Every structure is written in structure tokens, then in C-alpha cells.
Amino acid sequence: MQNVTGCAITAGKFYSYVDWIAGKNRNFAGGEGVGIDNGDTAWHSRLNINIGLYF
């Protein structure tokens, strides 16, 4: 299971987004996973923040 909640924020040339990823026994791109089932049945989460300057 996976739940992703986030938002995008813009101000002039700046664009950013923030999202909270929570998972239980779920793969995650570029990593070991968000709560991969290794006997642990708890939910695990990550905070993702991206800030960009577009010109």
C-alpha cells in the first residue's frame, strides 16, 4: 500500500513541490523501498522536497 500527499508551490521563477510518501511493503524508485516487508508490518514514510529555478 502507498499514500502520497503533496502540493506544488510557485513564486516567480521558482517552482517547488513537497510530498509525503507513506508505504507498507511498497517499492520506491532509487531506493530500498518504503516499508518493504522484511517481517516488519509497520508503515514507513519519506519527505520529498524539490526546488527549481526556471529561466
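Check the entry above for the structure.
Note that the coordinates shown come from a computational prediction; the quantities given were computed from them, not determined experimentally.

Undergrad: Sorry, what's going on with the overall build of the chain here?
TA: Looking only at helices and strands, the chain has zero helices and three strands in total. Helices and strands in the chain line up, N terminus first, as β-β-β. The proportion of buried residues among the 55 residues of the chain is 16%. Sequence separation of 24 or more characterises 33% of the internal contacts of the chain that already satisfy a separation of 6 or more. With the model as given, the accessible surface of the chain reaches about 4,300 Å², and the carbon-plus-sulfur share is 56%.

Undergrad: Sorry, what's going on with the sheet that holds strand E3 (residues 44-53) here?
TA: Each strand in a sheet pairs with its neighbour through backbone hydrogen bonds, running either in the same direction (parallel) or in the opposite one (antiparallel). Pairing is antiparallel across the open sheet formed by three strands, whose spatial order is E1-E2-E3. Two strands in the sheet have a free side with no partner beyond their single neighbour: strand E1 (2-11) and E3. Sheet twist, expressed as the average angle between the axes of neighbouring strands with direction ignored, equals 10 degrees. Sheet topology note: the E1/strand E2 (residues 14-23) ladder contains 10 bridges and is antiparallel. If you follow Ile9 over to E2, its bridge partner there is Ser16.

Thresholds applied
Residues numbered from 1 in each chain as written. Predicted model: local features only at pLDDT ≥ 70, side-chain atom pairs only at ≥ 80, totals over all residues. Heavy atoms only, no water. Helix = DSSP H or I, 4+ residues; strand = E, 2+ residues; numbered from the N terminus. Buried < 20%, exposed > 50% of the residue type's maximum accessible area, 1.4 Å probe, protein only. Contact = heavy atoms within 4.5 Å. Areas by Shrake-Rupley, 256 points an atom, 1.4 Å probe, with all protein chains shown as cover. Pairing = 2+ DSSP bridges. Axes fitted to C-alpha atoms, helices over the stretch in contact; angles between N-to-C directions.

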